[in-house]
Amino acid sequence: MRRTHRLTFVMAISCLLVTLSMIFALGLRAADAAEPAADKKLIEWGWDEPDAAFLRANVQRMEQLPFDGFVFHVVSDTGANNLSWEVWGQREFKRSDFQKSLADLQATTFRRLTHRFLRVNVTPGGIDWFDDAAWKVVLANSGLSAQIAKESGCKGFMFDVEQYEKDLFKFAGQAHKDKSFDEYRTQVRQRGQEWIQAVNRQYPEITILLTFGYQIAQPRTERNEKDRSQAHYGLLADFLDGVLTSCSNETKIVDAWEHSYGYKRSEQFEKAYETIKTKALEWTTTPDRYKKHVRAGFGIWMDYDWRKHGWDVENLSKNYSPPAAFEESARAALRVSDEYVWVYTEQPRWWTNERLPKPYIDALERAAASRRTATVPGQGPGESSR
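Figured I'd write up the structure that's included with this text.

The rules behind the values
- Residues numbered from 1 in each chain as written.
- Predicted model: local features only at pLDDT ≥ 70, side-chain atom pairs only at ≥ 80, totals over all residues.
- Heavy atoms only, no water.
- Axes fitted to C-alpha atoms, helices over the stretch in contact; angles between N-to-C directions.
- Helix = DSSP H or I, 4+ residues; strand = E, 2+ residues; numbered from the N terminus.
- Parallel < 35°, antiparallel > 145°, perpendicular 65-115°, else oblique.
- Left-handed = near helix turned anticlockwise from the far one by under 90°.
- Contact = heavy atoms within 4.5 Å.
- Nonpolar A, V, L, I, M, F, W, Y, C, P; charged D, E, K, R; others polar.
- Expected span 1.5 Å × (residues − 1).
- Buried < 20%, exposed > 50% of the residue type's maximum accessible area, 1.4 Å probe, protein only.
- Arc of directions from axis to C-beta.
- Phe/Tyr/Trp six-rings, centres within 6.5 Å; stacked < 30°, edge-to-face > 60°.
- Lys NZ or Arg CZ within 6 Å of the ring centre and 35° of its normal.

**A short note on the packing of helix α8 (residues 266–277) against helix α11 (residues 323–336)**
It is at 9 Å that the axes of α8 and α11 come closest, and there the two elements cross at 30°. Considering the angle they form, α8 stands roughly parallel to α11. Our pair here, α8 against α11, has a crossing hand that is right-handed. When α8 is examined against α11, the residues Ser 266, Phe 269, Glu 270 and Tyr 273 are found in contact with a partner set consisting of Ser 329, Ala 332, Ala 333, Arg 335 and Val 336. Taken together, the residues of the contact of α8 with α11 sort by class into five nonpolar, two polar and two charged.

This is the structure in structure tokens:
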């Protein structure tokens, strides 16, 4: 009996040690993989995009709304130039061109709206990727934008890569007909490296929200595109690869996923999240850097496709997303996102309270409050779902 007891005791101790070692190993792997849970942030962006002077004059009223930040632009002291729309152009701007805007930004006290993003477009965009002189201007303007963002206390850029004016990322139609797609890929990747280096010199710890990431660079079967050489944004993936290859350790890239503008259901956001975090690893040549730097975010268009669906300020049930549906979309986006969700509008104007029915403000306030009370299966109240 004594021997049996000893064997039982030894076996129990052995099992306990094995269990503890497994728990410890799993804990280490979880600690290695996990990041501190980020508070979810609501960002405003739309046709009411403010400039620095408007912010200074209206910040107190703006901070009464349920946002954590917004997207804005700066205009030159003469009022003739909007830097956001002229970064990718032929004129090289100087810091002295934006003294008034900087003064307004630095004189404005932000208490709630602490997550501010300077808009940076790829416009006008008609730049030859192989033209060093032209590219020098783009780098100078991008570095200046980063300097303004840094000096005014912004989190970084809303980097709008939509090709509003020129097909910057489309291989067909590029300047050099004698160069192959692979030659262009190499050159565009180099420009991506140079671009982020110019930005990081001014702002090493910048956060960059992308309107579109790697997904939009993939060929679309409905357009009979066979590969990225035929895709409308095919070269964007190479530019982003260059950015990831050379960005600082502190740089954060958020695929802010404009594709979610019309989403209403949680499963839509969850599927998109998996695309950003997993599927996209197949689309980059630098998956380790991608995993290190890229986060998932979402955009919601409150008056979605209003030209087709309308925007009724009286009978709200006629809108694509009535207040209850809009609230559910915002809640789902905030739950699934790694950190940022941006609300886009065209007809309603948040900052001037135009064509903005109060039930939508109330709906967003409730969605914002859900960040502090939501419970996800397997988690306690207030814990992040990601």
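**Looking at the environment of Gly 310**
Checked against the element boundaries, Gly 310 lands in the loop between α10 (306–309) and α11. When the C-alpha atoms of Gly 310 and Gln 347 are compared, they prove to be 9.6 Å apart, with 37 residues separating the residues in sequence. With residues up to four places along the chain from it excluded, the contact list for Gly 310 reads Asp 305 and Asn 319.

**What to know about helix α12 (residues 358–369)**
Its twelve residues give α12 an end-to-end C-alpha distance of 17 Å, which sits within 8% of 16 Å, the value for a rise of 1.5 Å per residue. Listed in full, the buried residues belonging to α12 are Tyr 360, Ile 361, Ala 363, Leu 364, Ala 367 and Ala 368. When α12 is viewed along its axis, its buried side chains cluster within an angular range of 160° and face the same direction. The inward-facing, buried residues of α12 contact β1 (41–46), α11 and β9 (340–345).

**Regarding the packing of aromatic side chains**
What the rule picks out here adds up to 37 aromatic pairs. An aromatic cluster is present here, built from Trp 88, Trp 129, Trp 135, Phe 157, Phe 159, Phe 169, Trp 195 and Phe 239 joined pairwise through their rings. Across the ring face of Phe 110, the terminal group of Arg 116 is positioned such that the distance to the ring centre comes to 3.9 Å.

**Focus: helix α2 (residues 52–62)**
Here α2 has its buried residues at Ala 52, Leu 55, Asn 58, Val 59 and Met 62. Buried positions in α2, seen along its axis, are confined to an arc of 160° and lie on one side of it. In this structure, α2 carries Ala 57 and Gln 60 as exposed residues pointing more than 90 degrees from its buried face. The inward-facing, buried residues of α2 abut β2 (69–72) and α4 (99–107).

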